[in-house]
Amino acid sequence: NKIMNLLQPSFVGIVGINTRALKLHQWLGFKVFKMSHYVFISPFKKKFKIIKFKNLSKISLKNKRIFKTKFIEVKKSNINKLINNDFYKIQTPLKSNKYILERYLKHPIYKYLIFLSLNDNNKPCSLFVLRKIDHNSSNIIKLIDVIGDNKYLRSFDEIGIFLFKKFESEYIDFYSHGIPKKYFKNTLFIECQNQNMIIPNHFEPFEQKNIDIFCAYKNNGNFKNIKIFRSDGDGDRPSRLYL
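Residues numbered from 1 in each chain as written. Predicted model: local features only at pLDDT ≥ 70, side-chain atom pairs only at ≥ 80, totals over all residues. Heavy atoms only, no water.

Peer 1: What am I meant to see in the overall build of the chain here?
Peer 2: In terms of regular secondary structure, the chain is built from five helices and 13 strands. Against the compact-globule benchmark of 18 Å for 243 residues, the chain has a radius of gyration of 18 Å, which places it among compact chains. Expressed as lengths along the three principal axes of its C-alpha atoms, the size of the chain is roughly 55 × 45 × 45 Å. Split into buried and exposed, the 243 residues of the chain put 47% on the buried side. Restricting to contacts in the chain with at least 6 residues of sequence separation, those with at least 24 account for 73%. Surface summary for the chain: the accessible area is close to 13,700 Å², and the carbon and sulfur share equals 49%. (Helix = DSSP H or I, 4+ residues; strand = E, 2+ residues; numbered from the N terminus. Rg over C-alpha atoms; globule rule 2.2 N^0.38 Å. Buried < 20%, exposed > 50% of the residue type's maximum accessible area, 1.4 Å probe, protein only. Contact = heavy atoms within 4.5 Å. Areas by Shrake-Rupley, 256 points an atom, 1.4 Å probe, with all protein chains shown as cover.)

Quick look at the structure:
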């Protein structure tokens, strides 16, 4: 409350609230949400060491249509050539090329992969930030940040297939708030809830269990199109000592 009174922020967001603190945040005037959790399972893998499920045939991607799109990898050397900061105005909280550089591309420990999908006019339509995690002689990928119009979420299909072929990953999972379910129906993602699957979220240390993530915000500036992702705040940061 003191911070809020001193700074008078127009927007405050939180990711990763302990379930015991949910009612406290609601009492303080925050809107509290359980983040949606979706997974894109590799159609190329036959043996899985990280994900657990009872019946893969029910969630097979073989009969689903892949949305074709052009994309390019974003790096420190090309981000300012590829993206204008007006691109980020589509959603709240507001990010920028500087944010992408400092938060992801210059991270001192984690290596992030960033891809920009392009429309038919070769204009940027969605930015996707990912992190590959190795475990048990296998690996998975976390999609941790997305910027762009919701209708272009399906442009990730082609990127996902590319990554599965390159890294032989088991799956790509995605926690988010603010993207309506209807936009996932046109993608290769499936909702994790009620699928009898275990999609581990904790890898430092590893835990073979599903994890619910809660987020909250105060929108004092009446901003539109609020989207919150796993990497916002400290939702994606090292939890062990790296030497």
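Don't stop here, the text continues.
Peer 1: I tried to follow helix α4 (residues 97-105) on my own but got confused; where do I start?
Peer 2: Along an α-helix, residues three or four positions apart point the same way, because every turn accommodates 3.6 residues. For α4, the set of buried residues is Asn97, Ile100, Leu101, Arg103, Tyr104 and Leu105. In this structure, the buried side of α4 is in contact with α3 (79-82), β6 (112-118), β7 (124-135) and β8 (138-148).

Peer 1: I would appreciate a short explanation of the packing of aromatic side chains in the present structure.
Peer 2: Aromatic ring pairs are reported here in terms of the distance separating the ring centres and the angle at which the planes meet. Using the criterion set out here, one finds 21 aromatic pairs in the structure. Seen in terms of ring centroids, Tyr104 and Tyr112 are 5.0 Å apart; in terms of plane orientation they differ by 70°. Their pairing is edge-to-face. When sorted by exposure, Tyr104 lands in the same class as Tyr112, which is buried. Relative to Phe156, the ring of Phe128 lies with its centre 5.1 Å away and its plane at 55°, an arrangement referred to as tilted. A residue pair is termed long-range when its members are at least 10 positions apart, and Phe128 in strand β7 and Phe156 in helix α5 (residues 156-167) qualify at 28 residues. Overall, the relative accessible area of 0% leaves Phe128 in the buried class. On the basis of relative accessibility, which here comes to 0%, the residue Phe156 falls in the buried class. Linked through ring pairs, Tyr38, Phe40, Phe128, Phe156, Phe164, Phe174, Phe184, Phe189 and Phe229 together constitute an aromatic cluster. (Phe/Tyr/Trp six-rings, centres within 6.5 Å; stacked < 30°, edge-to-face > 60°.)

Peer 1: Sorry if this is basic, but what is going on with the sheet that holds strand β1 (residues 12-15) here?
Peer 2: Hydrogen bonds along the backbone pair up the strands of a sheet, which may run parallel or antiparallel. The strand order across the open sheet built from three strands is β1-β12-β2, with neighbouring strands paired in antiparallel fashion. Each edge of the open sheet is held by one strand with a lone partner, namely β1 and β2 (31-34). Pairwise comparison of adjacent strand axes, ignoring direction, gives a mean angle of 15° for this sheet. Sheet topology note: the β2/strand β12 (residues 214-218) ladder contains four bridges and is antiparallel. Paired with Lys34 across the bridge in β12 is Phe214. (Pairing = 2+ DSSP bridges. Axes fitted to C-alpha atoms, helices over the stretch in contact; angles between N-to-C directions.)

These figures capture arrangement, not role.
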